[in-house]
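# Descriptive structure summary
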Amino acid sequence: MEKRESYLQYGREIIFEPGSVIYKSGSRPSKNAILYIVAGLVKIEVGLKDGTKFPLYLQPDNVFGIVEPLSECARLTNAFSMEKSLLYAWDIEDFYLASSISWELTYISITGLTRFLRILNAEFGEKLGLIKERTI
Amino acid sequence: MSDRYNDIMKIAFQAEDGIDEEIIKKFGRVYTDKQVLIKEGEIQQKIFWIQKGNVYITRKMGTKYKVLTTLGEGEIIGEMSFFDKSVRSATVIAKGKVEVLIFSKEDFADIFSASPEWTKRFFISLSHRIKTMIEKLNLI
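These lines cover the structure that appears in this document, whether it is placed above or below. (Residues numbered from 1 in each chain as written. Chains lettered and ligands numbered in written order. Predicted model: local features only at pLDDT ≥ 70, side-chain atom pairs only at ≥ 80, totals over all residues. Heavy atoms only, no water.)

## What to know about the overall build of chain B
Our working definition: Strands are runs of DSSP state E lasting at least two residues, helices are runs of H or I lasting at least four, and both sets are numbered from the N terminus onward. For this measure, only C-alpha atoms enter the radius of gyration; the expected value for a globule follows 2.2 Å times N^0.38, where N is the number of residues. Burial classes follow relative accessibility: with a 1.4 Å probe on protein chains only, a residue under 20% of its type's maximum area counts as buried, one over 50% as exposed, and anything between as partly exposed. Every residue pair with non-hydrogen atoms within 4.5 Å of one another is taken to be in contact. Method for areas: the Shrake-Rupley scheme with a 1.4 Å probe, in which residue coverage is limited to the protein chains shown. Charged residues are defined narrowly, with Lys and Arg counted positive, Asp and Glu counted negative, and His plus the chain ends left uncounted. To locate a charge, take atom NZ for lysine, CZ for arginine, CG for aspartate or CD for glutamate.
The secondary structure content of chain B amounts to 5 helices and 6 strands. Ordering the α and β elements of chain B from the N terminus gives α-α-β-β-β-β-β-α-β-α-α. Against the compact-globule benchmark of 14 Å for 140 residues, chain B has a radius of gyration of 15 Å, which places it among compact chains. Counting across all 140 residues of chain B, residues that qualify as buried make up 47%. Within chain B, residue pairs in contact and separated by at least 24 positions form 74% of the contacts whose partners lie at least 6 positions apart. Summed over its atoms, the accessible surface of chain B is roughly 6700 Å², and 51% of this surface lies on carbon and sulfur atoms. Looking at chain B, you have 23 positive and 20 negative side-chain charges, and the mean spots of the two groups are 8 Å apart.

This is the structure:
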(Lines give C-alpha, C1' and ligand atoms only; values in the text may rest on other atoms or scores of the structure.)
Protein backbone atom coordinates (compact mmCIF):
# COMPACT_ATOMS: atom_id res chain seq x y z
CA MET A 1 0.00 0.00 0.00
CA GLU A 2 1.29 3.42 -0.93
CA LYS A 3 1.64 6.05 1.74
CA ARG A 4 -1.42 8.23 1.29
CA GLU A 5 0.62 11.23 2.44
CA SER A 6 2.24 11.08 -1.00
CA TYR A 7 -0.96 12.22 -2.66
CA LEU A 8 -2.62 14.06 0.19
CA GLN A 9 0.26 16.55 0.25
CA TYR A 10 -1.31 18.26 -2.78
CA GLY A 11 -4.64 18.82 -1.03
CA ARG A 12 -5.73 20.83 1.98
CA GLU A 13 -7.34 19.51 5.14
CA ILE A 14 -10.95 20.38 6.02
CA ILE A 15 -12.94 19.21 9.03
CA PHE A 16 -16.74 18.94 8.95
CA GLU A 17 -18.88 18.62 12.06
CA PRO A 18 -21.60 15.92 12.29
CA GLY A 19 -24.69 16.88 10.28
CA SER A 20 -22.99 19.69 8.38
CA VAL A 21 -23.49 20.30 4.68
CA ILE A 22 -20.39 19.76 2.53
CA TYR A 23 -22.15 20.99 -0.61
CA LYS A 24 -25.66 21.40 -1.89
CA SER A 25 -27.14 20.46 -5.23
CA GLY A 26 -27.21 23.49 -7.54
CA SER A 27 -24.22 25.25 -5.95
CA ARG A 28 -21.10 25.98 -7.95
CA PRO A 29 -18.14 23.75 -7.04
CA SER A 30 -15.61 25.60 -4.92
CA LYS A 31 -11.97 25.87 -5.98
CA ASN A 32 -10.95 22.80 -3.95
CA ALA A 33 -13.90 20.72 -5.10
CA ILE A 34 -12.57 17.17 -5.15
CA LEU A 35 -12.65 15.53 -1.75
CA TYR A 36 -10.98 12.54 -0.12
CA ILE A 37 -12.30 11.05 3.12
CA VAL A 38 -9.53 10.47 5.64
CA ALA A 39 -11.90 9.83 8.56
CA GLY A 40 -15.63 9.98 9.19
CA LEU A 41 -18.73 9.20 7.16
CA VAL A 42 -20.20 11.13 4.23
CA LYS A 43 -23.65 10.81 2.71
CA ILE A 44 -24.06 11.65 -0.97
CA GLU A 45 -27.70 12.18 -1.81
CA VAL A 46 -29.12 12.19 -5.30
CA GLY A 47 -32.40 14.09 -5.25
CA LEU A 48 -34.57 13.89 -8.33
CA LYS A 49 -37.24 16.33 -9.47
CA ASP A 50 -39.98 13.75 -8.80
CA GLY A 51 -39.01 13.75 -5.12
CA THR A 52 -37.10 10.46 -5.23
CA LYS A 53 -33.94 10.55 -3.15
CA PHE A 54 -31.32 7.88 -2.95
CA PRO A 55 -28.30 7.99 -0.67
CA LEU A 56 -24.82 6.68 -1.04
CA TYR A 57 -22.69 6.39 2.11
CA LEU A 58 -18.97 6.81 1.80
CA GLN A 59 -16.37 5.74 4.32
CA PRO A 60 -12.66 6.62 4.61
CA ASP A 61 -10.47 6.16 1.52
CA ASN A 62 -13.22 7.21 -0.86
CA VAL A 63 -13.11 10.19 -3.22
CA PHE A 64 -16.15 12.25 -4.15
CA GLY A 65 -17.05 15.57 -5.74
CA ILE A 66 -15.23 14.78 -8.99
CA VAL A 67 -18.12 14.83 -11.45
CA GLU A 68 -19.11 18.49 -11.40
CA PRO A 69 -15.69 20.19 -11.68
CA LEU A 70 -14.73 17.85 -14.52
CA SER A 71 -18.08 18.35 -16.26
CA GLU A 72 -17.98 22.09 -15.51
CA CYS A 73 -21.46 22.16 -14.02
CA ALA A 74 -23.19 22.98 -10.74
CA ARG A 75 -23.35 20.30 -8.04
CA LEU A 76 -25.72 17.50 -9.02
CA THR A 77 -25.98 15.97 -5.55
CA ASN A 78 -26.02 16.93 -1.88
CA ALA A 79 -23.16 15.89 0.37
CA PHE A 80 -23.44 15.75 4.16
CA SER A 81 -21.00 14.87 6.88
CA MET A 82 -22.74 12.23 9.01
CA GLU A 83 -20.00 12.12 11.63
CA LYS A 84 -17.12 14.42 12.39
CA SER A 85 -15.23 13.98 9.12
CA LEU A 86 -11.69 14.79 8.14
CA LEU A 87 -11.43 15.43 4.41
CA TYR A 88 -8.70 16.48 2.02
CA ALA A 89 -9.67 18.77 -0.84
CA TRP A 90 -7.92 19.27 -4.17
CA ASP A 91 -8.48 21.60 -7.07
CA ILE A 92 -8.59 19.91 -10.48
CA GLU A 93 -4.92 20.38 -11.37
CA ASP A 94 -3.68 19.20 -7.99
CA PHE A 95 -6.00 16.21 -8.19
CA TYR A 96 -4.57 15.27 -11.60
CA LEU A 97 -1.08 15.72 -10.22
CA ALA A 98 -1.84 13.59 -7.17
CA SER A 99 -3.48 10.84 -9.24
CA SER A 100 -0.60 10.82 -11.71
CA ILE A 101 1.81 9.88 -8.93
CA SER A 102 -0.51 7.44 -7.20
CA TRP A 103 -2.09 4.39 -8.78
CA GLU A 104 -4.01 3.84 -5.53
CA LEU A 105 -5.68 7.26 -5.70
CA THR A 106 -6.47 6.77 -9.40
CA TYR A 107 -7.97 3.37 -8.71
CA ILE A 108 -10.18 4.39 -5.79
CA SER A 109 -11.33 7.50 -7.68
CA ILE A 110 -12.27 5.61 -10.82
CA THR A 111 -13.94 2.73 -9.00
CA GLY A 112 -15.90 5.33 -7.01
CA LEU A 113 -17.14 6.79 -10.29
CA THR A 114 -17.93 3.40 -11.87
CA ARG A 115 -19.87 2.31 -8.77
CA PHE A 116 -21.86 5.53 -8.81
CA LEU A 117 -22.59 5.15 -12.52
CA ARG A 118 -23.75 1.56 -12.00
CA ILE A 119 -26.18 2.71 -9.30
CA LEU A 120 -27.53 5.44 -11.58
CA ASN A 121 -27.83 3.02 -14.52
CA ALA A 122 -29.73 0.55 -12.35
CA GLU A 123 -32.04 3.30 -11.10
CA PHE A 124 -32.62 4.51 -14.65
CA GLY A 125 -33.22 0.94 -15.86
CA GLU A 126 -35.82 0.42 -13.14
CA LYS A 127 -37.58 3.65 -14.00
CA LEU A 128 -37.53 2.77 -17.69
CA GLY A 129 -39.14 -0.54 -16.84
CA LEU A 130 -42.13 1.34 -15.53
CA ILE A 131 -42.71 3.48 -18.61
CA LYS A 132 -42.82 2.96 -22.33
CA GLU A 133 -39.42 4.00 -23.62
CA ARG A 134 -37.39 3.29 -26.70
CA THR A 135 -36.55 -0.37 -27.04
CA ILE A 136 -34.55 -2.24 -29.64
CA MET B 1 10.06 -5.65 -26.71
CA SER B 2 7.35 -7.25 -28.85
CA ASP B 3 5.62 -5.48 -31.72
CA ARG B 4 2.38 -5.73 -29.85
CA TYR B 5 3.83 -3.99 -26.79
CA ASN B 6 5.26 -1.25 -29.00
CA ASP B 7 1.83 -0.76 -30.56
CA ILE B 8 0.25 -0.55 -27.15
CA MET B 9 2.79 2.06 -26.05
CA LYS B 10 2.09 4.02 -29.22
CA ILE B 11 -1.56 4.17 -28.26
CA ALA B 12 -0.68 4.99 -24.66
CA PHE B 13 1.42 8.00 -25.58
CA GLN B 14 -0.09 9.17 -28.87
CA ALA B 15 -3.74 8.16 -28.40
CA GLU B 16 -5.69 8.90 -31.60
CA ASP B 17 -2.56 10.18 -33.35
CA GLY B 18 -0.90 6.79 -32.89
CA ILE B 19 -3.54 4.82 -34.77
CA ASP B 20 -2.27 3.53 -38.10
CA GLU B 21 -3.08 0.64 -40.44
CA GLU B 22 -0.97 -1.78 -38.44
CA ILE B 23 -2.84 -1.02 -35.23
CA ILE B 24 -6.22 -1.26 -36.98
CA LYS B 25 -5.16 -4.62 -38.41
CA LYS B 26 -4.18 -5.93 -34.97
CA PHE B 27 -6.86 -4.42 -32.76
CA GLY B 28 -9.62 -3.25 -35.09
CA ARG B 29 -13.02 -4.77 -35.67
CA VAL B 30 -16.12 -3.65 -37.50
CA TYR B 31 -19.61 -4.37 -36.18
CA THR B 32 -22.75 -4.11 -38.25
CA ASP B 33 -26.11 -2.72 -37.18
CA LYS B 34 -27.61 -4.46 -34.10
CA GLN B 35 -24.55 -6.67 -33.52
CA VAL B 36 -23.78 -7.18 -29.84
CA LEU B 37 -20.38 -5.98 -28.58
CA ILE B 38 -20.91 -6.73 -24.90
CA LYS B 39 -23.54 -8.91 -23.27
CA GLU B 40 -25.02 -8.14 -19.84
CA GLY B 41 -23.86 -10.64 -17.19
CA GLU B 42 -20.71 -11.68 -19.06
CA ILE B 43 -17.39 -11.87 -17.27
CA GLN B 44 -15.14 -11.18 -20.28
CA GLN B 45 -13.00 -8.09 -19.80
CA LYS B 46 -12.31 -6.75 -23.27
CA ILE B 47 -12.23 -2.98 -23.57
CA PHE B 48 -13.61 -1.26 -26.67
CA TRP B 49 -12.53 2.12 -28.01
CA ILE B 50 -15.06 3.47 -30.50
CA GLN B 51 -13.41 4.93 -33.59
CA LYS B 52 -16.46 5.50 -35.79
CA GLY B 53 -20.20 5.16 -35.26
CA ASN B 54 -22.41 4.83 -32.20
CA VAL B 55 -23.52 2.13 -29.79
CA TYR B 56 -26.59 1.68 -27.62
CA ILE B 57 -25.99 0.94 -23.95
CA THR B 58 -28.98 -1.18 -23.04
CA ARG B 59 -30.50 -3.30 -20.33
CA LYS B 60 -32.53 -6.38 -21.14
CA MET B 61 -36.10 -6.30 -19.86
CA GLY B 62 -38.10 -9.30 -20.84
CA THR B 63 -37.49 -9.85 -24.52
CA LYS B 64 -36.66 -6.21 -25.30
CA TYR B 65 -33.56 -4.09 -24.74
CA LYS B 66 -34.24 -0.73 -23.10
CA VAL B 67 -31.80 1.95 -24.20
CA LEU B 68 -30.05 3.61 -21.26
CA THR B 69 -27.86 5.86 -23.39
CA THR B 70 -25.98 6.13 -26.68
CA LEU B 71 -22.20 6.51 -26.87
CA GLY B 72 -20.12 7.48 -29.88
CA GLU B 73 -16.72 8.19 -31.36
CA GLY B 74 -13.86 8.46 -28.89
CA GLU B 75 -15.74 6.77 -26.05
CA ILE B 76 -14.24 3.81 -24.20
CA ILE B 77 -16.64 1.07 -23.19
CA GLY B 78 -16.18 -1.97 -21.00
CA GLU B 79 -13.72 -0.21 -18.74
CA MET B 80 -16.06 -0.26 -15.75
CA SER B 81 -15.76 -4.03 -15.34
CA PHE B 82 -12.00 -3.70 -15.66
CA PHE B 83 -11.82 -1.33 -12.71
CA ASP B 84 -14.47 -2.63 -10.34
CA LYS B 85 -14.11 -6.29 -11.37
CA SER B 86 -17.83 -6.86 -11.69
CA VAL B 87 -19.74 -8.59 -14.46
CA ARG B 88 -21.03 -6.64 -17.44
CA SER B 89 -23.96 -4.54 -16.25
CA ALA B 90 -25.31 -3.66 -19.69
CA THR B 91 -25.60 -5.00 -23.21
CA VAL B 92 -23.87 -2.86 -25.83
CA ILE B 93 -25.36 -3.00 -29.33
CA ALA B 94 -24.10 -1.41 -32.54
CA LYS B 95 -26.26 1.43 -33.87
CA GLY B 96 -25.44 1.09 -37.53
CA LYS B 97 -21.88 0.34 -38.61
CA VAL B 98 -19.35 0.73 -35.80
CA GLU B 99 -15.56 0.60 -35.96
CA VAL B 100 -13.73 -0.16 -32.74
CA LEU B 101 -10.33 -1.05 -31.38
CA ILE B 102 -10.48 -3.94 -28.92
CA PHE B 103 -7.97 -4.41 -26.12
CA SER B 104 -7.42 -7.25 -23.68
CA LYS B 105 -7.35 -6.28 -20.02
CA GLU B 106 -3.56 -6.74 -20.03
CA ASP B 107 -3.13 -4.38 -23.00
CA PHE B 108 -5.47 -1.91 -21.39
CA ALA B 109 -3.59 -2.05 -18.07
CA ASP B 110 -0.36 -1.24 -19.98
CA ILE B 111 -1.97 1.69 -21.79
CA PHE B 112 -3.57 3.02 -18.67
CA SER B 113 -0.52 2.78 -16.44
CA ALA B 114 1.87 4.21 -19.04
CA SER B 115 0.27 7.60 -19.49
CA PRO B 116 -1.54 9.92 -17.05
CA GLU B 117 -3.40 11.39 -20.02
CA TRP B 118 -5.53 8.25 -20.08
CA THR B 119 -6.36 8.69 -16.42
CA LYS B 120 -7.67 12.18 -17.20
CA ARG B 121 -9.64 10.81 -20.11
CA PHE B 122 -11.42 8.30 -17.87
CA PHE B 123 -12.13 10.79 -15.12
CA ILE B 124 -13.71 13.15 -17.65
CA SER B 125 -15.57 10.45 -19.58
CA LEU B 126 -17.08 8.86 -16.45
CA SER B 127 -17.96 12.27 -15.01
CA HIS B 128 -19.83 13.22 -18.19
CA ARG B 129 -21.67 9.91 -18.22
CA ILE B 130 -22.74 10.38 -14.58
CA LYS B 131 -23.90 13.92 -15.29
CA THR B 132 -25.88 12.74 -18.33
CA MET B 133 -27.49 9.92 -16.36
CA ILE B 134 -28.59 12.23 -13.52
CA GLU B 135 -30.04 14.63 -16.11
CA LYS B 136 -31.88 11.74 -17.79
CA LEU B 137 -33.21 10.51 -14.45
CA ASN B 138 -34.64 13.99 -13.91
CA LEU B 139 -36.41 13.94 -17.25
CA ILE B 140 -38.43 10.80 -16.55
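## Details of the overall build of chain A
A count of helical and extended segments in chain A gives 4 helices and 8 strands. Ordering the α and β elements of chain A from the N terminus gives α-β-β-β-β-β-β-α-β-β-α-α. Against the 2.2 N^0.38 benchmark of 14 Å for 136 residues, chain A shows a C-alpha radius of gyration of 16 Å, consistent with a compact globule. Overall, the C-alpha framework of chain A stretches about 50 × 35 × 25 Å when taken along its three principal axes. Nonlocal contacts in chain A, meaning residues at least 24 apart in sequence, comprise 76% of its contacts between residues at least 6 apart. For chain A, the exposed area adds up to about 6500 Å²; of that, 53% sits on carbon and sulfur atoms. Computing the positive centroid from 16 side-chain charges and the negative centroid from 17, chain A places the two 6 Å apart.

## Concerning helix α4 (residues 105–114) of chain B
For clarity, the cut-off: As used here, the arc is the angular range of directions from the helix axis to the C-beta atoms.
The complete set of buried residues in α4(B) reads D107(B), F108(B), I111(B) and F112(B). The arc that holds the buried residues of α4(B), viewed along the axis, is 130 degrees, so those residues lie on one side.

## Section: the pairing of strand β8 (residues 85–90) of chain A
Residues and elements named next belong to chain A. Quick note on the threshold: We call two strands paired when DSSP finds no fewer than two bridges between them.
The element β8 is largely enclosed, with a buried count of 5 among its 6 residues. In this structure, strand β3 (residues 34–39) lies alongside β8, joined through 5 bridges in antiparallel fashion. Residue pairing across strands places I37 opposite L87, the latter belonging to β8.

## Overview of the interface of chain B and chain A
We apply this condition: Summed over both partners, the accessible surface that disappears when two parts come together, traced with a 1.4 Å probe, is what is meant by buried area. In the sections that follow, a salt bridge refers to a side-chain nitrogen of Lys or Arg positioned within 4 Å of a carboxyl oxygen of Asp or Glu. N or O atoms closer than or at 3.5 Å make up a polar contact, with two conditions inside protein: a donor-capable atom paired with an acceptor-capable one, and, for residues adjacent in sequence, both atoms drawn from side chains.
At the junction of the two partners, chain B supplies 39 residues and chain A supplies 43 residues. Summed over both partners, the interface of chain B with chain A comes to about 3900 Å²; 74% of that surface belongs to carbon and sulfur atoms. Counting the contacts that link chain B with chain A gives 0 salt bridges. One can count 5 residue pairs in polar contact (both at pLDDT 80 or more) joining chain B with chain A. Those elements that place two or more of their residues in the side of chain B that touches chain A are β3 (47–61), β4 (64–71), α3 (79–84) and α5 (116–139) of chain B.

## Some words on unusual backbone geometry
A positive phi is found at D61(A), a non-glycine position, where the angle reads about 70 degrees. Along the chain, D61(A) turns up in the loop between β5 (53–58) and β6 (63–64).

## What to know about the packing of α4(B) against α5(B)
Residues and elements named next belong to chain B. Put simply, the rule is: Between N-to-C directions, angles span 0 to 180 degrees; the directions come from axes that are lines fitted to C-alpha atoms, helices contributing only their stretch in contact. Oblique is the label for every angle not falling under 35 degrees (roughly parallel), over 145 degrees (roughly antiparallel), or within 65 to 115 degrees (roughly perpendicular). Residue polarity follows a fixed list, in which Ala, Val, Leu, Ile, Met, Phe, Trp, Tyr, Cys and Pro are nonpolar, Asp, Glu, Lys and Arg are charged, and the others, Gly among them, are polar.
Packing of α4 against α5 leaves a shortest axis separation of 5 Å and a crossing angle of 100 degrees. Taken together, the axes of α4 and α5 lie roughly perpendicular to each other. Residue-level contacts link F108, I111, F112 and A114 of α4 to P116, W118, T119 and F122 of α5. Residues belonging to the contact of α4 with α5 are distributed by class as follows: 7 nonpolar, 1 polar and no charged.

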